[in-house]
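Each chain, letter by letter, is given below.
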Amino acid sequence: MTRTRIHNFSLSLDGFATGAGQTPEAPMGHAGRRLHEWLIATRFGAPILGRQGGTAGIDDAFAQQHEPGIGVEIMGAGKFGPPGWQDDADWTGWWGPNPPFHTPVFVLTHRPRSSIEMDGGTTFHFLDAAPEEALRAAREAAGGRDVRIGGGPTVVRDFLAAGLVDHMHLVQVPIVLGRGVRVWDGLEALEEHYEIEVVAAPSGVTHLTFDRRTP
């Protein structure tokens, strides 16, 4: 059965998963790379910055689970581009001509546009849809594989609130951002619906995995 998964989703000690002041030059706002330094340091994440090598170990083991079995990603408008990207007909995302997804990607936006086919198997589709409707469309395109909820924090929160997430991997990074977009608002007692495991890594981050409890 197709599952809905979240992987490598980083947040600060005060619950922010992105910083304030997002621009084309600063996709994560004032947070910069601080939420994802643990990921960039791994073998999985090093190619993000065009690097070779990277660390093995706990962080890399978790990071590597991001891609296997995924047939589609769902993301929010803020992950696809900075505020106002809908007014730029030439904007095709942050990732250049060959984005790292290599699957269909459904971008949730109140201002849909025509689909964009990119190199490497990524096609961006734009939907104005509630989580349930978006998930139905994604499952149809997933070819029997799983659906990844890629973020940002508003989309993750909406899918959690709707009870649509089967597996979630969060990474708590030991920094305080103070401002930005929080994940946990409105999700009181979420833990009652999941089995939670916690693993502390030598890098200083804490990996939390949430698996939906069997009724």
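Residues numbered from 1 in each chain as written. Predicted model: local features only at pLDDT ≥ 70, side-chain atom pairs only at ≥ 80, totals over all residues. Heavy atoms only, no water.

> Would you mind going over the environment of Gln-52 with me for this structure?
Summarising the element assignment, Gln-52 is placed in the loop between α1 (37–40) and α2 (58–63). Of the residues examined, Gln-52 reaches a relative accessible area of 75% and is grouped as exposed. Along the primary structure Gln-52 and Thr-42 are separated by 10 residues, whereas in three dimensions their C-alpha atoms are 9.9 Å apart. (Helix = DSSP H or I, 4+ residues; strand = E, 2+ residues; numbered from the N terminus. Buried < 20%, exposed > 50% of the residue type's maximum accessible area, 1.4 Å probe, protein only.)

> Would you explain the packing of aromatic side chains in this entry?
For any pair of aromatic rings, the description rests on two quantities: the centre-to-centre distance and the angle between the ring planes. All chains considered together, the criterion is met by 11 aromatic pairs. Ring centres 5.8 Å apart and planes at 45 degrees place the aromatic pair Trp-85 and Phe-126 in the tilted group. With Trp-85 in the loop between α3 (77–80) and β4 (104–108) and Phe-126 in strand β6 (residues 123–127), the pair connects residues that are 41 residues apart, well separated along the chain. Classification of Phe-126 as buried rests on a relative accessible area of 7%. Taken together, the aromatic side chains of Phe-80, Trp-85, Trp-95, Phe-101, Phe-124 and Phe-126 make up a single cluster linked through ring pairs. Positioned above the aromatic ring of Phe-126 is the side chain of Arg-113, whose terminal nitrogen or guanidinium carbon lies 5.9 Å from the ring centre. Over the ring of Phe-16 we find Arg-182, and its NZ or CZ is 5.8 Å from the ring centre. (Phe/Tyr/Trp six-rings, centres within 6.5 Å; stacked < 30°, edge-to-face > 60°. Lys NZ or Arg CZ within 6 Å of the ring centre and 35° of its normal.)

> Hey, could you run me through the UniProt feature "domain: Bacterial bifunctional deaminase-reductase C-terminal" (unreviewed entry) in the chain in this one?
Residues annotated by UniProt as "domain: Bacterial bifunctional deaminase-reductase C-terminal" (unreviewed entry) correspond here to residues 6–190. End C-alpha to end C-alpha, residues 6–190 measures 15 Å, and it is 18% helix and 24% strand. (UniProt positions renumbered as here; feature names shortened; annotations may be inferred.)

> Which parts of the structure should I look at to understand the sheet that holds strand β8 (residues 167–173)?
Where strands meet in a sheet, backbone hydrogen bonds hold them as pairs that are either parallel or antiparallel. Taken in spatial order, the 9 strands of this open sheet run β5-β6-β4-β3-β7-β1-β8-β11-β10, and their pairing is mixed. The sheet is open, and its two borders are formed by β5 (116–117) and β10 (194–200), each paired with just one other strand. Sitting on the sheet, helix α4 (residues 131–141) is in contact with β1 (4–12), β3 (70–76), β4, β6 and β7 (146–151), with an inclination near 150 degrees to β3. Most of the contacts of helix α5 (residues 153–161) go to β7, to which it runs at about 130 degrees, and overall it touches β1, β3, β4, β7, β8 and β10. (Pairing = 2+ DSSP bridges. Contact = heavy atoms within 4.5 Å. Axes fitted to C-alpha atoms, helices over the stretch in contact; angles between N-to-C directions.)

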